[in-house]
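Structural characterization, general
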Amino acid sequence: MLIIILSIIIIIPVLAGIGEIFQRIFGKIWSGLSAQLFSGVFFLAMIWQVLAFFIPLNIWLESISLGIGILAFFYFKSYQNFTSFTKNEIFKILLLTIIVAFIGSYYPFILDHFGYYVPSVNWLHEFGLTKGLANLNLIYAQMSVWHIFQAGFSNISDVFLRINVVFLVIYLLYIFEKKAWSLLFISPIFLLFVQSPSPDLPAIVLSLIILNEILKGNQNAKLLFAFSVFVFSIKPTMVWLPIFVFLYFFKREQFKFLGLGLVVLGIYIFKNIWVFGYPFFPVQMFDIGVSWLPNAEILKQSSEVAILKTYDLKFTISEIQQFTTWDYIYHWFTLHSYKKYIHIAFVLLMVIYTIFTFQKKQKTLYLLWIAIMLKTIFVLYFSAQFRFFIDVFFVAFVVMFGSKVKEKISLLSFSLGAVIVLFLMSFPKILQSQVRTFKLGHYMQGFTVTQLYRPAVFELNSYQTFKIGNLDFNVPNYDLSFDTPQSSISPYSVRKYYEAGIFPQKISKNIQDGFVWKKLSPEEKEKLKKIISKF
């Protein structure tokens, strides 16, 4: 916990300094300290994303960035913005910050942390964005700008990858600055995302802030649209946000406000093409003919997995393909897990939210409803997993109850929620025994005394090294490659490559030149079969 607090003390002034530079170039998205800090997040993430095409996000880049941020913090006297809070507010913010930092010190338990987040960050600070990286492991195709942002701080100031703690503290500053108590009321759920660099947290939080700004009358179309596209680049399932902001400002501003947002979108699309081969992961459309497209069979398997996860892996692909429309609906609502209750709640929510919208008869709410419905259609079409539409619950709450929640009830909600989260994370066996279908609960490890100064992390460091063609690769002796040296490939991916009869290869001797795939020769396929037998 103490190390996390130290990270907060280092990173917050850096973001304030970088944010001040951004505001002097592009203006203020709104007034106050929180705008400066969020601008720092945006600006630094975008700069690092561009630089990652050319250089790794290593200790030298972080050192220079920290130096520029600190110098700007003092040169522009950004520290004066921290005096805008009353003593009572400062006390509350510090208390909540300690709670967030303490909860953030627990073991990470989100499954993607081990197979996606950490490997992405490790690759970025070692090599940067590499052409055709999805050929090495398709999971890298969905690499978020948030992992680029985390990678930039992972060498010195946040080596335990708790950037979400810092971000949630900035969110708290916004809440107290804007008196947005409905956002604090729903914040306890975010405490489950601070142990990992999960893009879900910044995507949901920033979307709620932008929504709140528009509902409160913020007319800064250029920056609100740019930030909404930034949210989309963090988590593409947040597609409703840029659609909503675009629709909201379209008539008054026409196309004048799109400039900076289109730059953000352009960089995101180029990053996807560079890493994946297509503009939008996982959509296999708009093929521009690059030579590093992933193998079609691997892409097909990935699409099938997304469909299988929709039904909690209870059916085979062939069974799902034979579903009637009624079967699709029936099985989605009758899964043998807690997910069916979320599905039912989602449908009920959409009915209530629709009625609310048409009763209010406000143009802003109509536009938001259209955006949410479009997002819902996209999600249901590609993969109707509850985690892809969970943000709609928060949006509906803010819209329907935002003006009704007061400070005292929000502080009480946060406090009670924090106690519940702490209890469940400290005594995970209760959760594991009572909700057996909640698989993430099985990765919770409880409290350890060392957390008081050092965040809890898993350290296995168990792997084997092999070679196929010109690629040396490491395979962990378990199914997740979070602490395996690069180039690492999970046992699952190795098996899938064997089934498809292909394997990733370096384009040249220099690994930073990127990857393609090639068909396995009979000898190589036999060699790969022997490798698979070893794990």
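For the structure, see preceding data.
Residues numbered from 1 in each chain as written. Predicted model: local features only at pLDDT ≥ 70, side-chain atom pairs only at ≥ 80, totals over all residues. Heavy atoms only, no water.

**Things to note about the overall build of the protein**
For the protein, the helix and strand inventory stands at 22 helices and four strands. Taking 24 Å as the expected radius of gyration for a compact globule of 535 residues, we find that the protein reaches 23 Å, a close match to that expectation. Referenced to the eigenvectors of the C-alpha coordinate spread, the extents of the protein come out at roughly 70 × 60 × 55 Å. By residue count, 55% of the 535 residues in the protein fall in the buried class. Contacts in the protein between residues far apart in sequence, at least 24 positions, make up 69% of those at least 6 positions apart. Once the 45 positive and 27 negative side-chain charges of the protein are each reduced to a mean point, those two points are 7 Å apart. (Helix = DSSP H or I, 4+ residues; strand = E, 2+ residues; numbered from the N terminus. Rg over C-alpha atoms; globule rule 2.2 N^0.38 Å. Buried < 20%, exposed > 50% of the residue type's maximum accessible area, 1.4 Å probe, protein only. Contact = heavy atoms within 4.5 Å. Lys, Arg positive; Asp, Glu negative; His and termini not counted. Charge placed at Lys NZ, Arg CZ, Asp CG, Glu CD.)

**Section: the packing of helix α9 (residues 200–215) against helix α18 (residues 391–401)**
For the pair α9 and α18, the least separation of the axes is 10 Å and the interaxial angle reads 25°. Taken together, the axes of α9 and α18 are roughly parallel relative to one another. α18 is crossed by α9, and the crossing has right-handed handedness. Of the residues in α18, those touching α9 at Ile204, Leu208, Leu211 and Leu215 are Asp391, Phe394, Val395, Val398 and Val399. The class makeup of the residues in the contact of α9 with α18 is eight nonpolar, no polar and one charged. (Axes fitted to C-alpha atoms, helices over the stretch in contact; angles between N-to-C directions. Parallel < 35°, antiparallel > 145°, perpendicular 65-115°, else oblique. Left-handed = near helix turned anticlockwise from the far one by under 90°. Nonpolar A, V, L, I, M, F, W, Y, C, P; charged D, E, K, R; others polar.)

**Some thoughts on the side chain of serine 481**
With respect to the helices and strands, the residue serine 481 is situated in the loop between β2 (471–476) and α21 (491–500). For serine 481, the residues in contact, after removing those within four places along its chain, are Phe114, Pro119, Pro476 and Ser488.

**With respect to the pairing of strand β1 (residues 463–468)**
As paired strands, β1 and β2 are joined by six bridges and run antiparallel to one another. Bridge pairing links tyrosine 463 to proline 476 in β2. Taking the residues that link successive antiparallel strands as the turn, the β1-β2 hairpin has two residues, and the phi of glycine 469 there is positive, at about 65°. (Pairing = 2+ DSSP bridges.)

**Some thoughts on the packing of aromatic side chains**
In the structure shown here, the tally under the stated rule is 58 aromatic pairs. Both rings, one in tyrosine 116 and one in tyrosine 117, keep their centres 5.2 Å apart while their planes meet at 55°; by these two values the pair is tilted. The buried category is assigned to tyrosine 116, whose relative accessible area is 5%. Taken together through their ring pairs, the aromatic side chains of Trp30, Phe38, Trp48, Trp146, Phe149, Phe153, Phe167 and Tyr174 make up a single cluster. Note that lysine 525 overlies the ring of tyrosine 498, its terminal NZ or CZ placed 5.2 Å from the centroid. (Phe/Tyr/Trp six-rings, centres within 6.5 Å; stacked < 30°, edge-to-face > 60°. Lys NZ or Arg CZ within 6 Å of the ring centre and 35° of its normal.)

**Side note on helix α19 (residues 407–426)**
Under the 1.5 Å per step criterion, the end-to-end length of α19 is 28 Å for 20 residues, consistent within 8% with the ideal 28 Å. Residues Ser410, Leu411, Ser413, Phe414, Gly417, Ala418, Val421 and Met425 constitute the buried set of α19. Each buried residue of α19 sits inside an arc of 155° when the element is viewed along its axis, so together they form one side. Turned more than 90 degrees away from the buried face of α19, the exposed residues are Lys408, Val419 and Ile420. (Expected span 1.5 Å × (residues − 1). Arc of directions from axis to C-beta.)

**Focus on the pairing of strand β3 (residues 502–506)**
Counting buried positions along β3 gives five out of five residues, so the element sits mostly inside the fold. Judged by which residues are buried, β3 turns out to be covered on both faces: Ile502, Pro504 and Lys506 on one side and Phe503 and Gln505 on the other are all buried. With five bridges joining them, β3 and strand β4 (residues 515–519) adopt antiparallel strand pairing. Bridge pairing links glutamine 505 to valine 516 in β4.

**Digging into a nonpolar patch on the surface**
A cluster of nonpolar side chains, namely Leu2, Phe447, Val449, Leu452 and Tyr453, defines an oily patch on the protein surface of about 490 Å² accessible area. With respect to the secondary-structure elements, leucine 2 resides in helix α1 (residues 2–26). Residue leucine 2 is classed as exposed on the basis of its relative accessible area of 53%. (Patch = residues over 30% accessible without salt bridge, like charges linked within 9 Å, V, L, I, M, F, W, Y side chains within 5 Å. Areas by Shrake-Rupley, 256 points an atom, 1.4 Å probe, with all protein chains shown as cover. Salt bridge = Lys/Arg side-chain N within 4 Å of Asp/Glu carboxyl O.)

**Some remarks on the nonpolar core**
Counting 181 residues, the largest nonpolar core has Phe149, Leu208, Phe230 and Phe473 as the members making the most contacts within it. Among the elements that take part in this core, helix α7 (residues 163–178) stands out by supplying 13 residues, more than any other. When residues no more than four places from it in sequence are discounted, the contact partners of phenylalanine 149 are Leu15, Val41, Leu44, Ala45, Trp48 and Ile163. (Core = buried A, V, L, I, M, F, W, Y, C linked by side-chain atoms within 4.5 Å.)

**Considerations on the packing of helix α2 (residues 33–51) against helix α10 (residues 221–234)**
Between α2 and α10, the shortest axis-to-axis distance is 12 Å and the interhelical angle comes to 60°. One element, α2, and the other, α10, form an angle in the oblique class. In this structure, α2 crosses over α10, and the sense of that crossing is left-handed. Each of Phe38, Ser39, Val41, Phe42, Ala45 and Met46 in α2 lies in contact with α10, whose residues at this interface are Ala226, Phe227 and Phe230. Looking at the contact of α2 with α10, its residues break down into eight nonpolar, one polar and no charged.

**Overview of the environment of leucine 51**
Mapping leucine 51 onto the fold places it in helix α2. The spacing of leucine 51 and leucine 173 is 122 residues in sequence and 30 Å in space, taken between C-alpha atoms.

**A few points about the side chain of glutamine 49**
Tracing the backbone through its elements, the reader meets glutamine 49 in helix α2. Take glutamine 49: its relative accessible area is 1%, and that puts it in the buried class. Contacts of glutamine 49, omitting those with residues within four sequence positions, involve Leu129, Val145, Ile148, Ile267 and Lys271.

**Details of unusual backbone geometry**
Where the residue is not glycine, phi is negative for most of them; where a peptide bond is considered, it is trans in most cases. Glutamine 486 connects to serine 487 through a cis peptide bond whose omega is 5°. Looking at the element boundaries, serine 487 is found in the loop between β2 and α21. Here the phi dihedral of phenylalanine 286 falls at roughly 65°; this positive angle occurs in a residue that is not glycine. Its place among the elements puts phenylalanine 286 in the loop between α12 (259–275) and α13 (296–310). Relative accessible area serves as the criterion here: at 53%, phenylalanine 286 is assigned to the exposed category. The phi torsion at lysine 361 lies on the positive side, around 55°, for a residue other than glycine.

**Structural notes on α10**
An ideal rise of 1.5 Å per residue puts 20 Å on 14 residues; α10 measures up with 20 Å between its terminal C-alpha atoms. Burial analysis of α10 places 13 of its 14 residues in the buried class, the great majority of the element.

**Quick word on the environment of threonine 357**
By secondary structure assignment, the location of threonine 357 is in helix α16 (residues 339–360). On the basis of relative accessible area, threonine 357 is assigned to the buried category, the value being 0%. Residues threonine 357 and methionine 400, spaced 43 residues apart in sequence, show a C-alpha to C-alpha distance of 9.0 Å. Not counting residues up to four positions away in its chain, the partners in contact with threonine 357 are Leu365, Tyr366 and Trp369. Within the structure, threonine 357 has its side chain in polar contact with the backbone oxygen of tyrosine 353 (distance 2.9 Å). (Polar contact = N/O pair within 3.5 Å; in protein donor to acceptor, adjacent residues only side chain to side chain.)

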